[in-house]
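One letter stands for each residue in the lines below.
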Amino acid sequence: MNYWLMKSEPDEFSIDDLRQRKTEPWSGVRNYQARNFMRAMRAGDGVLFYHSSCAEPGVAGVASVVASAYPDPTQFDPKSDYFDAKSTRAEPRWSLVDVKFKRKLKRVLALTELKDRRELDGFALVRAGNRLSVLPVTRAQWDFILSLEGTAA
DNA sequence: GCCAACGTTGGC
DNA sequence: GCCAACGTTGGC
């Protein structure tokens, strides 16, 4: 079992939206590195749900991967913002996984708080200039981050 | 709204 | 295959 972090702008799709929808296809990722991480995901993998580009960026919930990656249908839809004219059904360029709601954290674990923790030195999320929307998390990082939930901010 | 950090594109 | 220009991400 592996662990990941996935970013979403809460104005677009928040942890509360995921709770309502229960599962959601993670469409629209158009970055090769992020795509490759999704292709490496397997059913049951853990996901930290991260709120980005908002008042309080940080980890807001826990989700899990439903099944292995499959082609992102929005790449074939000319009406979609994510349409990719260079992608073919025979050789789809973009993949996605379905993500399932597990729980909302009791409080948002803020990026500023995560940056202060030496335990997370080297974690891609807290490195300067990180723009990846999907990134791997080690078991140790996963355990440490979730252990912060029960502490004061 | 600014800007740093990158990824992508396209001319050569 | 290089690299400048351009676009996007995302924190602040």
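Details of the structure are given in the entry above.
From a predicted model like this one, the values you see are computed outputs, not experimental measurements.

About the thresholds
Residues numbered from 1 in each chain as written. Chains lettered and ligands numbered in written order. Predicted model: local features only at pLDDT ≥ 70, side-chain atom pairs only at ≥ 80, totals over all residues. Heavy atoms only, no water. Pairing = 2+ DSSP bridges. Helix = DSSP H or I, 4+ residues; strand = E, 2+ residues; numbered from the N terminus. Axes fitted to C-alpha atoms, helices over the stretch in contact; angles between N-to-C directions. Contact = heavy atoms within 4.5 Å. Near = heavy atom within 4 Å. Polar contact = N/O pair within 3.5 Å; in protein donor to acceptor, adjacent residues only side chain to side chain. Phe/Tyr/Trp six-rings, centres within 6.5 Å; stacked < 30°, edge-to-face > 60°. Buried < 20%, exposed > 50% of the residue type's maximum accessible area, 1.4 Å probe, protein only.

This part covers the sheet that holds strand S2 (residues 23-25). Taken in spatial order, the six strands of this open sheet run S2-S7-S4-S3-S1-S8, and their pairing is mixed. Looking at the sheet topology across the chains shown, the edges are occupied by S2 and strand S8 (134-137). Sheet twist, expressed as the mean angle between neighbouring strand axes with direction ignored, is 35°. By the bridge criterion, six bridges tie strand S3 (residues 46-51) to strand S4 (residues 58-65) in an arrangement that is antiparallel. What sits directly across from Tyr 50, in S4, is Val 59. Its contacts with the sheet put helix H2 (residues 32-39) on strand S1 (3-8) and S8, and the angle it makes with S8 is roughly 50°. Here helix H4 (residues 139-147) sits on the sheet in contact with S1, S3, S4, strand S7 (98-110) and S8, set at roughly 55° to S3.

Every residue near DNA strand C is listed here: Lys 7, Tyr 50, Ser 52, Ser 53, Pro 57, Leu 111, Thr 112, Lys 115, Asn 130, Arg 131 and Leu 132. The sugar and phosphate moieties of DNA strand C supply 78% of its atoms located within 4 Å of the protein. Note that a base oxygen of DNA strand C is positioned 3.0 Å from one of the side-chain N or O atoms of Arg 131. A total of three residues in the surface near DNA strand C trace back to one element, the largest contributor, which is helix H3 (residues 111-115).

Here we take up the pairing of S7. Relative to S7, S2 is paired through three bridges, and the arrangement is antiparallel. Paired with Pro 25 across the two strands is Asp 98, which belongs to S7. Bridge count between S4 and S7: seven bridges; the pairing is antiparallel. Its bridge partner being in S7, Gly 58 is matched across the sheet by Ala 110.

For the rest of this paragraph, the subject is the packing of aromatic side chains. Summed over the entire model, instances satisfying the criterion amount to five aromatic pairs. Consider the rings of Trp 26 and Phe 49, whose centres lie 5.7 Å apart with planes at 85°: the pair is edge-to-face. A residue pair is termed long-range when its members are at least 10 positions apart, and Trp 26 in the loop between S2 and H2 and Phe 49 in strand S3 qualify at 23 residues. Owing to a relative accessible area of 8%, Trp 26 belongs among the buried residues under this scheme. Between Tyr 32 and Trp 94, the ring centres sit 4.7 Å apart and the planes meet at 35°, which makes this aromatic pair tilted. Of the two residues, Tyr 32 is situated in helix H2 and Trp 94 in the loop between strand S5 (70-71) and strand S6 (95-96); the sequence distance between them amounts to 62 residues. Taking relative accessible area as the criterion, Tyr 32 reaches 42% and is therefore assigned partly exposed.

Further remarks concern unusual backbone geometry. Residue Lys 22 is not a glycine yet carries a positive backbone phi of 70°. Secondary-structure assignment places Lys 22 in the loop between helix H1 (15-21) and S2. With a phi angle near 50°, Ser 53 is a residue other than glycine that sits in the positive phi range.

Nothing here speaks to function; it is all geometry.
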